[in-house]
Amino acid sequence: MGKNIVEKIFGSHLAYGEMKAGTPVGLKVDQVYTQDATGTMAWLQFEAIGLDRVKVPLAVSYVDHNMMQSDYMNPDDHLFLQTVAARYGAYFSRPGNGICHQVHLEQFAAPGKIALGTDSHTPTGGGMGMIAIGVGGLDAATVMGGSPFEVTMPQVVKINLKGKLNRPWVTAMDVILEVLRRLTVKGGVGRIMEYGGPGVKDLNVTERATITNMGAELGATTSVFPSDKRTRFYLAAVGREGQWTELAADKGAKYAEVITIDLSAIEPMIARPHSPDNVVTVASLRGTKVDQVCIGSCTNSSYQSMKLVSSILKGNTVSERVNLLINPGSKQVYEMIAREGLTSDMIASGARMLEASCGPCIGMGGAPASGSVSVRSYNRNFKGRSGTKDAQVYLASPVSCAVFALRAEMVDPREAGLEIKAFKEPKKYLVNRSSLIPPKEDVSGVEVIKGPNIKEVPVREALKDSIDAEVLLKLGDNITTDDIMPAGSKVLPFRSNIPAISGFVFCNIDQCFSERANAAKAGGGGIIVGGENYGQGSSREHAAMAPMFLGVQAVIAKSFARIHRSNLINFGVIPFTFQRADDYGRIESGDRITLTGLHKAMDEGAVYAAQNTTKGFSFNLVSDLNSREKELIKKGGLLPYTREKASKG
Ligand code: MIC
Ligand code: SF4
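Presented here is an overview of the structure given in this document.

## Details of the site of ligand 1
Lining the immediate environment of ligand 1, one finds 14 residues, of which D119, S120, R385, S539 and R540 sit closest. Within the contact set of ligand 1, an oxygen atom lies 2.8 Å away from a side-chain nitrogen or oxygen of R385. Protein contacts shield 97% of the accessible area of ligand 1, which totals 340 Å² for the unbound molecule. Its residues assigned to classes, the shell around ligand 1 shows two nonpolar, seven polar and five charged.

Structure (structure tokens):
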């Protein structure tokens, strides 16, 4: 029987399980990478497992998120990440070297491999024909410790591309925005998007990477492209042709669904506030005023994006009404555009150049003014993520962004009367590894340095037999991890300090949440109730760890996003769903919920009897935990579980 690409890569990495959708499979992992905002916890957890060296062929510790150094906290984290990488055998990518996904694509991504990253946009590597999956820090730590990675075998959906993009005004960003328009932020849950069809050859690797990067917004486990001549061309251009292998789906390969997209019919698209799937054509918003434009992020910061943007800006002036910020994705891209004089064109037009990092994408500077309109070539426009609660954030291609910066309003880029130079993929990229420190063989004398803001990883006690807790907060659908555990320049520096960061849980929705949770601790703790797709967005395990630290016993939702569900389990918090969806409507904040006989219910199956003692009714909860997950929860989470396994040898 013909195999699809996912089956081929999973098959060659299978540690256990059967590749049957919906059942757990264990995978051997080739590469693991961390970034600073999630990496400090991941590495502390790796240390807590107690091993001497990472046990995967490649590990990389990146610094790209927490770049502001307004006090000691972020630089202390950087130093910890550098020394811990040196101590345990990982590469260290120095601050300023670039956004992890862009740098990884340039330096390490290779077809046919499996990579995990402690960031939800790790699927960027799918553009290179690899399976690259975003995970929580603890999952990454255990895999670096030698465990296989366990994931529920996703369904494989084929996105069949045909035709050619109407370049240069239509870009890969418009393709993924169109996919999001069709499938929504829940459309990829439990699935891998495998691209194929005759249109694939129209896209180069960095364009494919834009598409797989933002596939994260579909809730997909990952997205992947074939590895073909264009993959080889890119690898040769970055000096790694030897790592090329061909990868294509066999004839007769099976898919759960096939979705066809005609590239030639795609128009410039834009996501309106406050969700990446709120997509319309740019033309339909013609005339909407624009106050700020941000170009970059891991989605659109390649050399190609920068080159197209600079060609539009060249010889023009950014409107006096617009603030334009640009961050190239890597030091390599930055150096290359600087040497070609493109940075000068950007600067001359009035752009503000930022360093190669996440920057405004995660609210590390660049917040828009009150009530203003910001258009960004980024991947997320959740309310408040920019740092300004009432800002209206839109997402569009870097090309559309550059046009809006000059015109101060939205206009179909094809009708703006501006010039753009067609892009020709370079045969040779500039390669600069000066900020990539290789692993050390001799680690004697290497000391791991931890600043005073770096606190221990909290661990939950083993599962008790009952829960009797108060519903602290009831929420609607599509609650993001940015809602649960906000980021931004004020909160991110506490990523290594759970007691401190827990004070910010849900602070943009309910300022008193952490106080109420703390108060409820003595009386049995709290419960959170959510709607569909609870915990969508980032991989930050702080969105599970900090509520756990505040005494949250369980989350009851209509459904969960993949990474957040795993993170809750990893920290011993049971993700329950309602057996009857109607019961969601019968629960309010302040109600007391009790569950007894948890261990027995867990052993016997998936249904748990619950009581709403405030309103006096019974209802059933479901948890689709597999046997490993049940064990984890009983032990209090993945860390105690892994430690116990390691001590038993
Ligand atoms: C994001 O884009 O939300 C982040 C910040 O990169 C997160 C990781 C984090 O919260 O540190 C992600 O996407 O996983
Ligand atoms: Fe960084 Fe933004 Fe990409 Fe997250 S989405 S990794 S914050 S650039």
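## Focus on the sheet that holds strand β7 (residues 131–134)
Ordered by their spatial adjacency, six strands build an open sheet running β7-β6-β3-β4-β5-β20, and the pairing between neighbours is mixed. With one partner strand each, in any of the chains shown, β7 and β20 (436–437) form the two edges of the open sheet. Where strand β4 (residues 58–62) lies against strand β5 (residues 91–93), three bridges are found, and the strand directions are parallel. From the neighbouring strand, V60 faces β5, where its bridge partner is Y91.

## Quick look at the side chain of Q31
Along the chain, Q31 falls in strand β3 (residues 31–34). In terms of polar contacts, Q31 uses its side chain to reach the backbone carbonyl oxygen of F108, at 3.1 Å. Residue contacts for Q31: discarding those within four places in its chain leaves L58, H104, F108, A109, I114, A115, L116 and M130.

## What about the environment of L354?
In this fold, L354 is placed in the loop between β17 (352–353) and β18 (373–376). The class of L354 is partly exposed, set by a relative accessible area of 22%. As for L354 and G366, which are separated by 12 residues in sequence, their C-alpha atoms are 9.5 Å apart. If we skip the residues at most four places from it in the chain, L354 touches L325, I326, N327, P328, Y334 and P360.

Procedures and definitions
- Residues numbered from 1 in each chain as written.
- Chains lettered and ligands numbered in written order.
- Predicted model: local features only at pLDDT ≥ 70, side-chain atom pairs only at ≥ 80, totals over all residues.
- Heavy atoms only, no water.
- Near = heavy atom within 4 Å.
- Polar contact = N/O pair within 3.5 Å; in protein donor to acceptor, adjacent residues only side chain to side chain.
- Areas by Shrake-Rupley, 256 points an atom, 1.4 Å probe, with all protein chains shown as cover.
- Nonpolar A, V, L, I, M, F, W, Y, C, P; charged D, E, K, R; others polar.
- Pairing = 2+ DSSP bridges.
- Helix = DSSP H or I, 4+ residues; strand = E, 2+ residues; numbered from the N terminus.
- Contact = heavy atoms within 4.5 Å.
- Buried < 20%, exposed > 50% of the residue type's maximum accessible area, 1.4 Å probe, protein only.

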